[in-house]
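Residue strings, one per chain:
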Amino acid sequence: MEDQKKPLYTDSGIAIGTLYTAPVKDPGLPAKFPFTRGVKEDMYRGRLWTMRQYAGFSTAEESNKRYHFLLGQGTTGLSVAFDLPTQIGYDSDDEMSEGEVGKVGVAIDSLKDIEILFDGIKLDEITTSMTINATASILLAMYIALAKKQGADISKISGTIQNDILKEYAARGTYIYPPKPSMRLITDIFEYCGKEVPKWNTISISGYHIREAGSTAVQELAFTLANGKAYCKAAIEKGLEINSFAKRLSFFFNAHNNLFEEVAKFRAARKMWAQITKELGATDPQAQMLRFHTQTGGSTLTAQQPENNIMRVTIQAMAAVLGGTQSLHTNGFDEALSLPTENAAKIALRTQQVIAFESGAADTVDPLGGSFYVEALTEEVENAAWDYIKKIDAMGGSVSAIEQGYIQQEIAASAYKYQKDIEKGDKIIVGVNKFTSEAGPATPGFKIDDSIRIVQTDKLNKLKAERNNEEVKKCLETINEFAVNGNNLMPAIIQAVESYATLGEISHELRKVFGEFN
């Protein structure tokens, strides 16, 4: 490998050579430890990745219409976005919810809303991913309650809750409770689903939001796997068997524009996770495999020349497919301006379909495997990520590293450097700091007005007038009791949502015991 006169680097600071000619290590075979080349022998020749479109806005009624539209266009899995009050445990009529109801996702206050959200959609015939963390136990309970009402066998329903609270403390901020009780809620879900809903992915350990907060690809990989390691250790300490619960762990990664670094990141992730789980005692290959969902990079989208985002999303989606993703969400080109319009959502889905059926990228396993450059880059990304993980382990693991502010500081420093490089012109963003043009016609946006809060408040008032409030009170008392005595909280939460206790009522009951994290 010879160097260029002017050094080039990936966004993670890895030096890029002019030419790669050195022999590479044998990366092994797909579906064989350490799974660098993929988790299935035939990958997409056997089954394509699940094509998800992240959607949710306004009321459950409006989001339901978008879901039926997407399913009609060929989406093969749903991915639910929740509004901010839902994410942090407030009902729509709470004073803390003012100005935020239905804005960044759908407003869900009770099981009634979930019934409307999935009206006409059989939960045993679709997989659903829910981007929810602090209130994941409540939303999962509502989903299970609806499946039971539909007559589904809950042992056969499948989907994913994000349920990754550690990255909330480090990068995103939608936490409620302190780390210890938050981890307890997560392991309660592991335990309950292992017995009752065995096909459900109980956590999606998320690098996506770490990257959105400004991390590099290497940091995204390292911090995500370190968090995954922390969740495994917490489950083991609870007495759960890693060969059982680790099969239901999934990961959620970002895809940015440096196609080769992203492919290397995904390949390195599988190899590293296999080693981590093996060291923690996993012997079943299914418990050692890293399965992941990918979303194209929201932070890479530009408000200037928004049509350029279609090309960015295409490159990012191709990186995810070449890297062996199990499911994929492609962003709408207008998302730097507003929630995606129907047209933008359709173009984003068609991007995946063109890649799947026209590009040839799905025709063979790990098509970039064996490339001198990709194999060398995979090794470089892996080594750099291990360096971070060793530092985090020396601090006592992810929880301790977050409490000390280390992970947050590393992300912030990376975000600052990236922005400075754009401002200096060292990092070119087409249409932003080079190849600019006068603003063209405005791209039509998709906005949500504040009247949604009034609609949701009226629904809440009607619900509370019609339900059995004495039964709700008893259910909330049971939740409080279980939170104190250490019993698994999931059965009590399911019983509460079935009595139409609201998300805010359940969250506040847990706040009484756990407190809030500031």
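My aim in this report is to walk through the structure given alongside it, one point at a time. Remember, predicted model here, so these are calculated numbers, not experimental data.

**Quick notes on the overall build of the chain**
Secondary structure summary: the chain contains 20 helices and eleven strands in total. In terms of overall dimensions, the chain has C-alpha extents of about 75 × 60 × 45 Å along its principal axes. In the chain, buried positions account for 57% of the 518 residues. Restricting to contacts in the chain with at least 6 residues of sequence separation, those with at least 24 account for 78%. For the chain, the exposed area adds up to about 21200 Å²; of that, 51% sits on carbon and sulfur atoms.

**As for the layout of surface pockets**
Here the largest pocket is characterised by a volume of approximately 1600 Å³. What lines the largest pocket is a set of 48 residues, and nearest its centre among them are T10, D11, Y418, D421 and K427. Sorting the residues of the lining of the largest pocket by element identifies strand 1 (8-9), helix 7 (208-212), helix 8 (217-237), helix 12 (308-322), helix 14 (372-394) and helix 16 (406-424) as the ones contributing at least two each. No other element matches the nine residues that helix 16 contributes to the lining of the largest pocket. By residue class, the composition of the lining of the largest pocket is 21 nonpolar, 17 polar and ten charged.

**As for the side chain of T50**
Within the fold, T50 resides in strand 3 (residues 50-55). Accessibility expressed as a relative area gives 11% for T50, which makes it buried. Every residue in contact with T50, bar those within four places of it in the chain, is listed here: T76, G77, T127, Q326, S327, L328 and Q352.

**A few points about empty space enclosed by the protein**
Applying the stated criterion to the full structure yields four cavities of 30 Å³ or more. The space that makes up the largest cavity amounts to roughly 70 Å³. Residue lining of the largest cavity: N133, A134, S137, N163, I165, I176, Y177, S182, L185, I186 and I189, and that is the complete set. With four residues, helix 6 (residues 179-196) is the largest single contributor of residues to the lining of the largest cavity. Grouping the constituent residues of the lining of the largest cavity by class yields seven nonpolar, four polar and no charged.

**Things to note about the pairing of strand 9 (residues 249-255)**
Counting buried residues in strand 9 gives seven out of seven residues, a clear majority hidden from the surface. Burial along strand 9 is two-sided: L249, F251, F253 and A255 and S250, F252 and N254, pointing in opposite directions, are all buried. Across four bridges, the pairing between strand 8 (residues 203-206) and strand 9 is parallel. The residue bridging S204 from the neighbouring strand is S250, located in strand 9. Relative to strand 10 (residues 292-296), strand 9 runs parallel, the two sharing five bridges. Opposite A255, over in strand 10, you have T296 as the bridge partner.

**Topic: helix 19 (residues 490-498)**
Listing the buried residues of helix 19 in full gives M490, A492, I493, I494, A496 and V497. On its buried face, helix 19 sits against helix 3 (111-117), helix 4 (136-149), helix 6, helix 18 (469-485) and helix 20 (503-514). Two residues or fewer after helix 19 comes Y500, characterised by a positive phi angle close to 70°.

Conventions and cut-offs
- Residues numbered from 1 in each chain as written.
- Predicted model: local features only at pLDDT ≥ 70, side-chain atom pairs only at ≥ 80, totals over all residues.
- Heavy atoms only, no water.
- Helix = DSSP H or I, 4+ residues; strand = E, 2+ residues; numbered from the N terminus.
- Buried < 20%, exposed > 50% of the residue type's maximum accessible area, 1.4 Å probe, protein only.
- Contact = heavy atoms within 4.5 Å.
- Areas by Shrake-Rupley, 256 points an atom, 1.4 Å probe, with all protein chains shown as cover.
- 1 Å grid on protein atoms, 1.4 Å probe; cavity = no way out; pocket = protein on both sides within 12 Å on 5 of 7 lines; lining within 4 Å.
- Points joined across faces, edges and corners; volume = space filled by probe spheres on them.
- Nonpolar A, V, L, I, M, F, W, Y, C, P; charged D, E, K, R; others polar.
- Pairing = 2+ DSSP bridges.

Fair warning: the whole summary comes from geometry, so function is off the table for now.
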